[in-house]
Amino acid sequence: ETGVTQTPRHLVMGMTNKKSLKCEQHLGHNAMYWYKQSAKKPLELMFVYSLEERVENNSVPSRFSPECPNSSHLFLHLHTLQPEDSALYLCASSQVLDPYGYTFGSGTRLTVV
Amino acid sequence: LAKTTQPISMDSYEGQEVNITCSHNNIATNDYITWYQQFPSQGPRFIIQGYKTKVTNEVASLFIPADRKSSTLSLPRVSLSDTAVYYCLVGDKGSSGSARQLTFGSGTQLTVLP
């Protein structure tokens, strides 16, 4: 399988649930990212991992917890979310010095009820 | 990262050429200009990137004037499937050990009509 794969594609969770989003890249990239895209809003950068170390937090609430066990995998652990956290969560990867930008996954559509 | 300004929306008809212009007045010497395309409920997809003059690939052309304070994405003979949001981004390659962080604006919603 090639590219950036995100699972699940759709997720509905209650505010008291704990769930995780998974991202896997097969491109040999060494940087991975989580973005959030709410309805009618620009993409918001949440977390950046470069060479498996987190380099950006962007004041994301602690109910979102990222994990990058290796350069190919990225997780976003979710707990006690709010309805306003409903959004499309996008994972992307890149080479640190690659001028051709990111490769995005198809995203996880999250609905918090 | 340099701030970019692009139209909020554009309409076109099938078969026409579409040009979307992006302004980036404070572009830095090391900055590249990159365009992405995003369909609803999907991640953005890289279209084209350039530094100066003109770049062309199988999908689009990118025109960059000598002062690099703006750029124009040109889509030849658009079809209904080209309806999407198009983002213009400006930034450098990043430094060793530091990932390149792309900041997306609101983009341009292109609607292709039959």
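Relevant structure appears above.
Residues numbered from 1 in each chain as written. Chains lettered and ligands numbered in written order. Predicted model: local features only at pLDDT ≥ 70, side-chain atom pairs only at ≥ 80, totals over all residues. Heavy atoms only, no water.

Trainee: How would you summarise the nonpolar core if you had to cite specific residues and measurements?
Mentor: In globular proteins that are soluble, nonpolar side chains generally tend to be buried together. Formed by 22 residues in total, the largest nonpolar core has its most connected members in Trp34, Phe64, Leu76 and Leu78 of chain A. Elements with a minimum of two residues in this core: strand 2 (10–13), strand 3 (18–25), strand 4 (31–37), strand 5 (44–50), strand 7 (64–70), strand 8 (73–79), strand 9 (87–94) and strand 11 (108–112) of chain A. Counting 20 residues, the second largest nonpolar core, distinct from the first, contains Cys22, Leu75, Val90 and Val112 of chain B. (Core = buried A, V, L, I, M, F, W, Y, C linked by side-chain atoms within 4.5 Å. Buried < 20%, exposed > 50% of the residue type's maximum accessible area, 1.4 Å probe, protein only. Helix = DSSP H or I, 4+ residues; strand = E, 2+ residues; numbered from the N terminus.)

Trainee: Describe the sheet that holds strand 3 of chain A, listing the residues and the values that go with them.
Mentor: The strands making up a sheet associate through hydrogen bonds between their backbones, and the pairing can be parallel or antiparallel. All names here are of chain A. Read from one edge to the other, the open sheet built from 4 strands follows the order 1-3-8-7, with strand pairing classed as antiparallel. At either end of the open sheet lies a strand with only one pairing partner, and these are strand 1 (4–7) and strand 7. The sheet shows a mean angle of 20° between the axes of neighbouring strands, taken without regard to direction. In terms of strand pairing, strand 1 meets strand 3 through 4 bridges, oriented antiparallel. Residue Val4 lies in a different strand from strand 3, and its bridge partner there is Gln25. (Pairing = 2+ DSSP bridges. Axes fitted to C-alpha atoms, helices over the stretch in contact; angles between N-to-C directions.)

Trainee: Account for the pattern of salt bridges, with residues named and values stated.
Mentor: Residues and elements named next belong to chain A. All told, the structure shown has 1 salt bridge over all chains when counted by the stated rule. Where Arg63 meets Asp85, a salt bridge forms, and the shortest distance between an N and an O atom there is 2.7 Å. Highlighted residues: Arg63 in the loop between strand 6 (53–56) and strand 7 and Asp85 in the loop between strand 8 and strand 9, separated in sequence by 22 residues. A relative accessible area of 2% means that Asp85 is categorised as buried. (Salt bridge = Lys/Arg side-chain N within 4 Å of Asp/Glu carboxyl O.)

Trainee: Go over the pairing of strand 3 (residues 32–38) of chain B, please, and point to the residues and values.
Mentor: All names here are of chain B. With 7 of 7 residues buried, strand 3 is to be regarded as a mostly interior element. Burial along strand 3 is two-sided: Tyr32, Thr34, Tyr36 and Gln38 facing one way and Ile33, Trp35 and Gln37 facing the other are all buried. Of the pairings in the sheet, the one linking strand 3 to strand 8 (residues 84–91) comprises 7 bridges and is antiparallel in character. Each residue of the ladder has a partner; that of Trp35, found in strand 8, is Cys88.

Trainee: Give me the lowdown on the sheet that holds strand 9 (residues 108–113) of chain B, citing residues and values where you can.
Mentor: Residue and element names in this part refer to chain B. The strand order 1-9-8-3-4 describes an open sheet built from 5 strands, whose pairing is mixed. Among the strands making up the open sheet, the edge pair consists of strand 1 (9–13) and strand 4 (45–50). Pairs of neighbouring strands in the sheet enclose a mean axial angle of 25°, with direction left out of account. Sheet topology places strand 8 next to strand 9; 3 bridges connect them, and they run antiparallel. Considered in strand 9, the bridge of Val85 is made with Gln109.

Trainee: Report on the state of the cysteines, specifying residues and quantitative values.
Mentor: All names here are of chain A. This structure, assessed with the given rule, holds 2 disulfides over all chains. In this model Cys23 forms its disulfide with Cys91; the gap between the sulfur atoms is 1.9 Å. Residues Cys23 and Cys91 are joined through a disulfide that is left-handed, its torsion about the S-S bond being -75°. Within this pair, whereas Cys23 is found in strand 3, its partner Cys91 is found in strand 9, the two being separated by 68 residues in sequence. Judged by its relative accessible area of 0%, Cys91 is buried. (Disulfide = S-S within 2.5 Å.)

Trainee: Give a detailed account of unusual backbone geometry, specifying residues and quantitative values.
Mentor: Here Thr7 of chain A and Pro8 of chain A are connected by a cis peptide whose omega angle stands at -10°. Positionally, Pro8 of chain A belongs in the loop between strand 1 and strand 2. At Arg77 of chain B, a residue that is not glycine, the phi angle is positive and equals roughly 45°. Along the polypeptide, Arg77 of chain B turns up in the loop between strand 7 (70–75) and strand 8. Overall, the relative accessible area of 65% leaves Arg77 of chain B in the exposed class.

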